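# Tertiary structure, described
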Protein chains: 2
Amino acid sequence: MLRVTCLSDLFVHLLTFMTNRASLQDIADQLGITKMTVSRYFRSPEKVAPATREKIAQAVKSAGYIHNRAPALMSKSLSHTIGVVIPSLSNQVFSALVDGIETITNSESFDILLAHSGYDPKVEERKIEMLLSYQVDGLILCETEHTDRTRTMLKQAGIPVVECMELPEAPIDMVVGLDHKAAAFNAVSRMIASNKQHIVYLAARLDRRTMLRQQGYEQAMWEAGLTPQTVATPFQSSFSQGMKLLQQALDTFDRVDGIFCTNDDLAVGAMQYCNNEGIRVPDDLAVMGYNGLDIGLTMQPKLTSVVTPRQAIGIKSARLLIDVINGKVPSDKLFDLGYSYTEGESLS
Amino acid sequence: MLRVTCLSDLFVHLLTFMTNRASLQDIADQLGITKMTVSRYFRSPEKVAPATREKIAQAVKSAGYIHNRAPALMSKSLSHTIGVVIPSLSNQVFSALVDGIETITNSESFDILLAHSGYDPKVEERKIEMLLSYQVDGLILCETEHTDRTRTMLKQAGIPVVECMELPEAPIDMVVGLDHKAAAFNAVSRMIASNKQHIVYLAARLDRRTMLRQQGYEQAMWEAGLTPQTVATPFQSSFSQGMKLLQQALDTFDRVDGIFCTNDDLAVGAMQYCNNEGIRVPDDLAVMGYNGLDIGLTMQPKLTSVVTPRQAIGIKSARLLIDVINGKVPSDKLFDLGYSYTEGESLS
DNA sequence: CGGTAAAATGTTACGTGTAACATGTTTGTC
DNA sequence: GACAAACATGTTACACGTAACATTTTACCG
């Protein structure tokens, strides 16, 4: 029952309704109860009498109350929110990762605050600072290169952090990923095993993961008594970069009978180039990609590619992070989730 | 100068430092000043004496203070944050859009809270509710289908909203986009003008934009006295879907001499299929894509595609939203930013 | 120096949901 | 109908950065 003792009270109510967003107090006033009961209605409805529950539900609906998490953020209790920083918003690798993360956060009633860094540690620093200012309970980062300030901030923030996708040399806290160098080594060894000798590494956007794959590639070549040869561009990788890099490789080196591409974008671009130029894959040129994206399987022949378990990495990362947030002690701080291959035909 | 009157004071300081994150008060106590001065150091440093500034800078650094926006969110003042909901995290269209948005937010010192809906209005509703709970000053949405509850919430939230990419029938507030039906009509008319008569529309993920393009396609066909024919799948579009849909079109219809694809993923998949099957583009089959992504230009022949000005849409959306947040009255509530074409060769 | 303007710093109050504890109310049992 | 237990609701205090206003300190000039 709305209790209005005088006209000015009503006026104040109307005014509040017009200008400010409704608060718990507004709902409570309207029903002649305290905001605590309304708060309980949201947090633990079973503790509110059914009749009251009904009244509140109606008042909440008519007032259009929207939860305000600001006060809760001020208390030291958990915000039930984790921050996720991905490098790019147009890469299936990270969208699958976030999908994995969300299967866990949804079932655990955690929220995600998402930010993207554009592969730039300075931007990552800024975004992490923003996420910390929202009092997130934990962070999932997809890169392992961080500014000094980022490392200091994270140390002082005192929240759990998962670095994922890769196994960093200097982990901040926990790690869920795979060994890109080992994967590259294995992939190139496969190419060599199928009698390719003049394998070139195609690389773009020279970040750490690209470098690690290069190391694996070079090790596999040296161990087989072959000479590693690389063409690289600092630009963002793309299909057209893949075409250009293959062209450049063929121009630069006497013989090329295989290419190991740092990702599927380059590999597909390169295969396009082969199609256009009449180079037969895999007879004239073996092609190995990295990531195992859908597009590789539409190629003729199908692209052979290293598959990274990105959804599983997302799931494991979120699981681990939330467990630690909830006070569990993890069995380990590092999880290597390995890799596999697409069933392609571009190798031999 | 650190003023510690007794040992227990020091102990409390240490304890605070160990367990809780440093607050403005902690910094102030350490320096024997009030937190207000420290707050000013962050908000308007020019109002703090240089000597004090120096001291605070040092204390802030050693304490590892990280700004906490929770209290500010409780005041009715602006949070200088806008929420952005995109449908997908692996689509160049939306990453370019966000890039555009960020050029503006960066220069205006606004932060972005990002969420993704997976093209699902129910998920969009949840994400919007979350963003509102963080007291964002405005919202940019990339879809025009919303649940009833979303519309109610947004009305009651009383913040400006920009719907972008499209021109909705029932706009919530402001709109920045383009007319997909008109673009499709124009694109198909071009195909007809280059003497194609049996043009099939290839569609996936049957959302509103897909439908609008279908309407434009059908209108163009009818007006030219031709019969529209569509093959569609409810699944997410992908390169392999493009292959399948073209195959299906060729199986289903007697003659097909052109395809209009709802996006470049399908178009590229379809062109792959042509490459694989020896269908000549554009002589046997004209192909028109939609979005103008990089990959289209690596094809042989280059894909002709409708280019949507997504970066410009992002810039305009953010500009408009922030202007309104800052109290300006916009000259208009709807901005149609048009479309253009890639210089492709897949048409004629 | 005196006095005023400007600069620097301080004081007070505020916003709002919730934990922890306290009080009031109903239910059920003998 | 008395009383304990369970249930429902209320009370109080708290978190912390900042706007608005108040006070103190410094700078400057005749």
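As the structure is a prediction and not an experimental result, all values here were calculated from the model.

Conventions adopted
Residues numbered from 1 in each chain as written. Chains lettered and ligands numbered in written order. Predicted model: local features only at pLDDT ≥ 70, side-chain atom pairs only at ≥ 80, totals over all residues. Heavy atoms only, no water. Helix = DSSP H or I, 4+ residues; strand = E, 2+ residues; numbered from the N terminus. Rg over C-alpha atoms; globule rule 2.2 N^0.38 Å. Buried < 20%, exposed > 50% of the residue type's maximum accessible area, 1.4 Å probe, protein only. Contact = heavy atoms within 4.5 Å. Least-squares fit on C-alpha atoms with pLDDT ≥ 70 in both. Near = heavy atom within 4 Å. Polar contact = N/O pair within 3.5 Å; in protein donor to acceptor, adjacent residues only side chain to side chain. Nonpolar A, V, L, I, M, F, W, Y, C, P; charged D, E, K, R; others polar. Pairing = 2+ DSSP bridges. Axes fitted to C-alpha atoms, helices over the stretch in contact; angles between N-to-C directions. Domains from an automatic or database assignment. Buried area = accessible area lost by both parts, 1.4 Å probe. Salt bridge = Lys/Arg side-chain N within 4 Å of Asp/Glu carboxyl O. Parallel < 35°, antiparallel > 145°, perpendicular 65-115°, else oblique. Expected span 1.5 Å × (residues − 1). Arc of directions from axis to C-beta.

Below, the discussion takes up the overall build of chain A. A tally of regular secondary structure across chain A gives 13 helices and twelve strands. Rg of the C-alpha trace for chain A: 27 Å, well past the compact-globule value of 20 Å for 348 residues, more than 25% over. Split into buried and exposed, the 348 residues of chain A put 55% on the buried side. Counting only contacts in chain A whose residues sit at least 6 apart along the sequence, the fraction spanning at least 24 positions is 68%.

Bringing the relation of the copies chain B and chain A into the picture now. Least-squares fitting of chain B to chain A yields an RMSD of 0.1 Å, with the superposition described by an axial translation of 0.0 Å and a rotation of 180 degrees. Both copies of the chain, as the preceding transformation shows, are related through a two-fold rotation axis. Closest to the rotation axis within chain B is the C-alpha of Ser90 of chain B, separated from it by 1.9 Å. Here 100% of the contact residues of chain B are again contact residues in chain A; the copies associate through an equivalent surface.

Moving on, we get to the environment of Pro121 of chain A. Residues and elements named next belong to chain A. Mapped onto the elements, Pro121 comes out in helix α7 (residues 121–133). The class of Pro121 is partly exposed, set by a relative accessible area of 26%. Put simply, Pro121 and Ala59 are 62 residues apart on the chain and 47 Å apart in space, counted from C-alpha to C-alpha. Residue contacts for Pro121: discarding those within four places in its chain leaves Glu145, Thr147 and Thr150.

Bringing the protein's contact with DNA strand D into the picture now. For DNA strand D, the set of nearby residues contains 21 residues, the closest of which are Thr37 and Thr52 of chain A together with Leu24, Ser39 and Arg43 of chain B. Contacts to DNA strand D include Thr34 of chain A, whose side-chain N or O atom sits 3.0 Å from a phosphate oxygen. Within the backbone of Met74 of chain A, a nitrogen or oxygen atom sits 3.2 Å from a sugar or linking oxygen of DNA strand D. In terms of residue count, helix α3 (residues 35–43) of chain B provides more of the surface near DNA strand D than any other element does, four residues in total. Of the residues in the surface near DNA strand D, the class split is nine nonpolar, seven polar and five charged.

The next thing to look at is the sheet that holds strand β6 (residues 199–204) of chain A. Residues and elements named next belong to chain A. On the basis of which strands lie adjacent, the open sheet formed by six strands has the order β7-β6-β8-β9-β10-β12 and mixed pairing. Pairing within the sheet leaves two strands with one partner each, and these edge strands are β7 (229–233) and β12 (340–341). Across four bridges, strand β9 (residues 286–291) lies against strand β10 (residues 304–307) in parallel orientation. When the sheet's bridge partners are listed, Tyr290 is paired in β10 with Val306. Across the sheet, helix α10 (residues 208–223) is in contact with β6, β7, β8 (258–261) and β9; its angle to β6 comes to roughly 175 degrees.

So, about the domain arrangement of chain A. Domain annotation for chain A reports domain 1 (7–68), domain 2 (78–178 + 310–339) and domain 3 (180–307). The C-alpha centroid of domain 3 of chain A is placed 62 Å from the C-alpha centroid of domain 1 of chain A.

To continue, consider the interface of chain B and chain A. Contact with chain B, which involves 56 residues of that partner, is made by 56 residues of chain A. Across the interface of chain B and chain A, roughly 4800 Å² is buried in total on both sides, 56% from carbon and sulfur atoms. Scanning the region where chain B abuts chain A turns up two salt bridges. Measuring nitrogen to oxygen at the nearest pair gives 2.7 Å for the salt bridge that ties Glu102 of chain B to Lys127 of chain A. Applying the counting criterion to the chain B and chain A interface returns 21 residue pairs in polar contact (both at pLDDT 80 or more).

This brings us to the packing of helix α3 (residues 35–43) of chain A against helix α4 (residues 50–63) of chain A. Two quantities define a packed helix pair, namely the angle between the helix axes and the distance between the axes. Residue and element names in this part refer to chain A. Contact pair α3 / α4: the axes reach a minimum separation of 10 Å and the direction vectors enclose 90 degrees. The angle between α3 and α4 places the two elements in the roughly perpendicular class. Contacts between α3 and α4 involve Thr37, Val38, Tyr41 and Phe42 from the first element and Thr52, Arg53, Ile56, Ala57 and Val60 from the second.

Another point: the protein's contact with DNA strand C. Taken together, the neighbourhood of DNA strand C is formed by 22 residues, with Leu24, Ser39 and Arg43 of chain A together with Thr37 and Thr52 of chain B sitting nearest. One nitrogen or oxygen atom from the main chain of Leu24 of chain A is found 2.8 Å from a phosphate oxygen belonging to DNA strand C. In the model, a base nitrogen of DNA strand C is placed 3.0 Å from a nitrogen or oxygen of the Lys35 of chain A side chain. Those elements that place two or more of their residues in the surface near DNA strand C are α3 of chain A together with α3 and α5 (70–74) of chain B. For the surface near DNA strand C, the element with the highest residue contribution is α3 of chain A, accounting for four residues. Here the surface near DNA strand C is built from residues that sort into ten nonpolar, seven polar and five charged.

Before going further, it helps to spend a moment on the pairing of β10 of chain A. Relative to β12 of chain A, β10 of chain A is paired through two bridges, and the arrangement is antiparallel. Note that in β12 of chain A the partner of Val307 of chain A across the bridge is Ser340 of chain A.

Let's shift gears to α4 of chain A. Every α-helix winds through 3.6 residues per turn, so residues three or four apart in the chain are directed the same way. All names here are of chain A. Taking 1.5 Å as the rise per residue, α4 with 14 residues should run 20 Å; its terminal C-alpha atoms sit 20 Å apart, in good agreement. Among the residues of α4, Thr52, Ile56, Ala59, Val60 and Ala63 are the ones counted as buried. Mapping the buried residues of α4 onto a view down its axis gives an arc of 100 degrees, with all of them on the same face. In α4, those exposed residues whose orientation departs by more than 90 degrees from the buried face are Pro50, Ala51, Glu54, Gln58 and Lys61. Following α4 by one or two positions, Gly64 adopts a phi angle in the positive range, close to 65 degrees.

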